[in-house]
Amino acid sequence: MTDRKKKILAAALELFANDGFSSTSTNKIAKAANVSEGLIFRHFENKKGLLNALVEQATERISVLLVPILAEENPQKAVQKTIELPFSIDKNEYPFWKLQFKLKWENDYENNEKMQPLLAHLTWAFTTLGYPEPAKEATVLNHIIESISIGILRDGVHSQESLKKFLIEKYNTATL
């Protein structure tokens, strides 16, 4: 990928994450990336093509983040790694993840299948640990992790630390 293309993607990411897709023009992206608007069209065809490129990156990044959890053979550790996941995201990545959460509300971009491998592995973990309704427990934990992630993106890691500790204690000492 060329440096100019990277600059365009970085500028679009920042603007889409902060101002929203609809409120961001290709002209504004071009100015932020210090490139011509025509270059955006040459590389990405249109604004939606630019957003699609960012969504593709999300699928790749999610896969990379989930590898250590999905490879975990100890069910207790798989749950713990899931709880710790949002706390391990580099602060420089926040705009990227902020955009992903904004896109959850867009019908064209919400893809619940991205999280199916995690839900399946958590269901296995909770089944192995003897939880009475492992699929529901996996879904609930996934929703909690999403909420914690939003809190981190909005208010910083420190705002959610007590929940991390609470969840780790809950799942380490849960009475089945």
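Provided above is the structure to which this section pertains.
Residues numbered from 1 in each chain as written. Predicted model: local features only at pLDDT ≥ 70, side-chain atom pairs only at ≥ 80, totals over all residues. Heavy atoms only, no water.

Q: Please explain the overall build of the protein chain as it appears in this structure.
A: In terms of regular secondary structure, the protein chain is built from nine helices and zero strands. Starting at the N terminus and walking to the C terminus, you meet the elements of the protein chain as α-α-α-α-α-α-α-α-α. Seen through its principal axes, the protein chain has C-alpha atoms that stretch 60 × 30 × 25 Å. Here the protein chain holds 176 residues, and the buried ones make up 41% of them. Sequence separation of at least 24 residues holds for 69% of the intrachain contacts in the protein chain that already meet a minimum separation of 6. Carbon and sulfur atoms make up 52% of the accessible area of the protein chain, which amounts to about 10100 Å² in all. If the 22 positive side-chain charges of the protein chain are averaged to one point and the 22 negative ones to another, these points end up 6 Å apart. (Helix = DSSP H or I, 4+ residues; strand = E, 2+ residues; numbered from the N terminus. Buried < 20%, exposed > 50% of the residue type's maximum accessible area, 1.4 Å probe, protein only. Contact = heavy atoms within 4.5 Å. Areas by Shrake-Rupley, 256 points an atom, 1.4 Å probe, with all protein chains shown as cover. Lys, Arg positive; Asp, Glu negative; His and termini not counted. Charge placed at Lys NZ, Arg CZ, Asp CG, Glu CD.)

Q: It is not clear to me how the environment of Pro117 should be interpreted in this structure. Could you clarify?
A: Along the polypeptide, Pro117 turns up in helix H7 (residues 116-128). The spacing of Pro117 and Asn27 is 90 residues in sequence and 39 Å in space, taken between C-alpha atoms.

Q: Is there a simple way to think about the packing of aromatic side chains in this case?
A: Within a pair of aromatic rings, the relevant descriptors are the distance that separates the centres and the angle that separates the planes. A full pass over the atoms with the stated rule returns five aromatic pairs. Taking 5.4 Å as the distance between ring centres and 45° as the angle between the ring planes, the aromatic pair formed by Phe126 and Tyr171 counts as tilted. Of the two residues, Phe126 is situated in helix H7 and Tyr171 in helix H9 (residues 161-172); the sequence distance between them amounts to 45 residues. Take Phe126 and Tyr171: they sit in the same class, and that class is buried. The lysine or arginine in question, Lys164, covers the ring of Phe87, its NZ or CZ lying 5.0 Å from the ring centre. (Phe/Tyr/Trp six-rings, centres within 6.5 Å; stacked < 30°, edge-to-face > 60°. Lys NZ or Arg CZ within 6 Å of the ring centre and 35° of its normal.)

Q: Please clarify how helix H4 (residues 47-70) should be interpreted in this entry.
A: Within an α-helix, residues lying three or four positions from one another point in the same direction, as the helix has 3.6 residues per turn. With 24 residues, H4 extends 34 Å between its outermost C-alpha atoms, agreeing within 8% with the 34 Å of an ideal straight helix rising 1.5 Å per residue. Within H4, burial applies to Lys47, Gly49, Leu50, Leu51, Ala53, Leu54, Val55, Gln57, Ala58, Ile62, Leu66 and Ile69. Elements that come into contact with the buried residues of H4 comprise helix H1 (3-19), helix H2 (26-33), helix H3 (37-44), helix H5 (75-84), helix H6 (94-103) and H7. Residue Asn46 occupies the N-cap position of H4, its side-chain oxygen lying 3.1 Å from the main-chain nitrogen of Lys48. (Expected span 1.5 Å × (residues − 1). Polar contact = N/O pair within 3.5 Å; in protein donor to acceptor, adjacent residues only side chain to side chain.)

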